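Below are the chains, spelled out letter by letter.
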Amino acid sequence: MKAAYLDHNATSPPSEAVARRVAELLEAGLGNPSAAHGPGARGRAVVEAARRAVARLLGAHPSEVVFTSGGSEACATAVRHLWASARARGRARPVLVAAATEHQAVLEALGALERSGEAELRLLPVGAGGEVSGATLEEALAGADGLCLMAANNETGVLADLDAVGRAAAEAQVPWFCDAVQAVGRVPLSFGTGPGARMSMLALAGHKLGAPAGVGALLVRRGLELTPLIRGGPQEGGRRAGTEAAALLGGLEVAVGETTAYLERGGPTRTLALRRRLEDALLGAFRGSRVHGAQSRRLPGTTSVCLALPSGEAADGEELLLALAERGVAVGTGAACASGSGDPSHVLLAMGATPAEAQASLRFSLGRGSTEAEVDRAVAALREVAGL
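Residues numbered from 1 in each chain as written. Predicted model: local features only at pLDDT ≥ 70, side-chain atom pairs only at ≥ 80, totals over all residues. Heavy atoms only, no water.

### Points about the pairing of strand S10 (residues 302-306)
The condition is simple: Partly exposed residues are those whose accessible area sits between 20% and 50% of the maximum for their type, while under 20% is buried and over 50% is exposed, using a 1.4 Å probe and protein chains only. In this description a helix means any DSSP run of H or I spanning at least four residues, a strand means any run of E spanning at least two, and both kinds are numbered starting from the N terminus. Only strands joined by at least two bridges in the DSSP assignment are considered to pair.
Counting buried positions over the five residues of S10 gives five, a clear majority of the element. Here S10 shows two buried faces, one formed by Thr302, Ser304 and Cys306 and the other by Thr303 and Val305. Pairing of strand S9 (residues 290-291) with S10 involves two bridges; the strand directions are antiparallel. From the neighbouring strand, arginine 290 faces S10, where its bridge partner is cysteine 306. Relative to strand S12 (residues 361-365), S10 is paired through five bridges, and the arrangement is antiparallel. Looking at the pairing, threonine 302 lines up with serine 365 of S12.

Written out as structure tokens, the structure is:
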């Protein structure tokens, strides 16, 4: 059986054009972008071209783009800033609000502050559909100093009502950080207009867009004086020290161009059709299975399915994942960074799933280049594993 890659929420492999661009830049011998000589100027030009590309994609000003090593660093920086800015305003123990289904990059950064006694954390429950209710959010924001609420969940693909979140944050005058790592490039999103204009900060990861791993960005609203997480040199306007990875950022520029073309050509509609094909096939073959967040608005290419095996035995997501991998099919069981932990997904538990149901779930995530053939191969392989 031919290979099928359906784990784009973990990482989207770079295209040939992206890989070629990175190789060209590595061979070009770029200098340190901060250096004043010719090789440094060439490196700086590559970095700034990538900055302009990211800004165009998200309707931002180039000066609002701060490059990082990836999404986790961007999230950690944002959380630290919310805390530090509240402390600077005289709050001894800032109150930070987040949804219970946020990515671990956010929850762990918040949890460290809470465990040290430096902050109070208000975790928002979600309903069975994975969404935070408006009333719950408004209540939690009273007297709060910062809000962390993601655009799209990495495990289920459930989309937040960004307009409602933005209104609530604005009315409470609470700065809002949005982890948009899974949403950028998969659904239309702007930092400059609509609900995005109410965000103080927004995080993205290059490898979710088909760029090389190792680069990401934190968009920071103009006028906001970001508290650096990494201190040292004056790179990124003093907001993030460390020499920029110019060659990788050149790959990010190409990947952003491919992402822009995908959105402009109606790619999400095609991806949604593929997801529906996949879900119909899975639910038809495995009676009694269900899709987490099925009634909620979700990313076009993400589905998390709690599988019911024909034998009546409880499915083991990790075992199924490994069996599929042996057949050349790549899927996930949840957040890639938590794979192998042995713990059931905190996202699915927060949505009301039992530990057994969470363990019986697989996540399929489609990318820009996913095909009907890959979807069909994945279903056929799963049927084979289950003995259908």
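### Describing the environment of valine 375
How we decide: By the convention used here, residues are in contact when the closest approach between their heavy atoms is within 4.5 Å.
Mapped onto the fold, valine 375 is located in helix H12 (residues 372-386). Among the residues examined, valine 375 registers a relative accessible area of 1% and is labelled buried. For the pair valine 375 and alanine 314, spaced 61 residues apart in sequence, the C-alpha separation works out to 24 Å. Residues within four places of valine 375 in sequence aside, it is in contact with Leu6, Leu274, Arg277, Leu278 and Leu366.

### Things to note about the sheet that holds S12
Note the threshold: Here an angle of 0 to 180 degrees is reported between the N-to-C directions of two axes, which are lines fitted to C-alpha atoms, with helices fitted over the stretch in contact.
Spatial strand order, S9-S10-S12: three strands in an open sheet with antiparallel pairing. Of all the strands in the sheet, the pair left with one neighbour each is S9 and S12. Those strands touched by helix H8 (residues 267-285) are S9, S10 and S12, and its axis lies near 10° from that of S10.

### Some words on unusual backbone geometry
The phi dihedral of glutamine 173 is positive, around 55°, even though this residue is not glycine. Mapped onto the secondary structure, glutamine 173 falls in the loop between helix H6 (162-172) and strand S6 (176-179). With a phi angle near 55°, glutamate 236 is a residue other than glycine that sits in the positive phi range. Along the polypeptide, glutamate 236 turns up in the loop between strand S8 (216-220) and helix H7 (246-264).

### Quick notes on the pattern of salt bridges
Quick reminder of the rule: Put simply, a salt bridge is a Lys or Arg side-chain nitrogen that is within 4 Å of an Asp or Glu carboxyl oxygen.
As enumerated under the stated definition, the model contains 19 salt bridges in all. Two residues, glutamate 48 and arginine 51, come together in a salt bridge whose shortest N-O distance is 2.9 Å. Here glutamate 48 and its partner arginine 51 are both found in helix H2 (residues 38-57), three residues apart, which amounts to about one turn of the helix. Its salt-bridge partner being arginine 368, residue glutamate 258 comes within 3.4 Å of it at the nearest N-O pair. Remark: arginine 368 occurs in the loop between S12 and H12 and glutamate 258 occurs in helix H7; sequence separation between them is 110 residues.

### Examining the side chain of glutamate 244
Filter applied, for reference: By the counting rule applied here, Lys and Arg register as positive and Asp and Glu as negative, while His and the ends of each chain are not counted.
Mapped onto the secondary structure, glutamate 244 falls in the loop between S8 and H7. For the buried glutamate 244, which has no salt bridge, the nearest side chain bearing the opposite charge is arginine 51, at an N-O separation of 4.7 Å. Filtering out sequence-adjacent residues up to four positions away, glutamate 244 remains in contact with Pro33, Val47, Gln235, Glu236 and Leu249.

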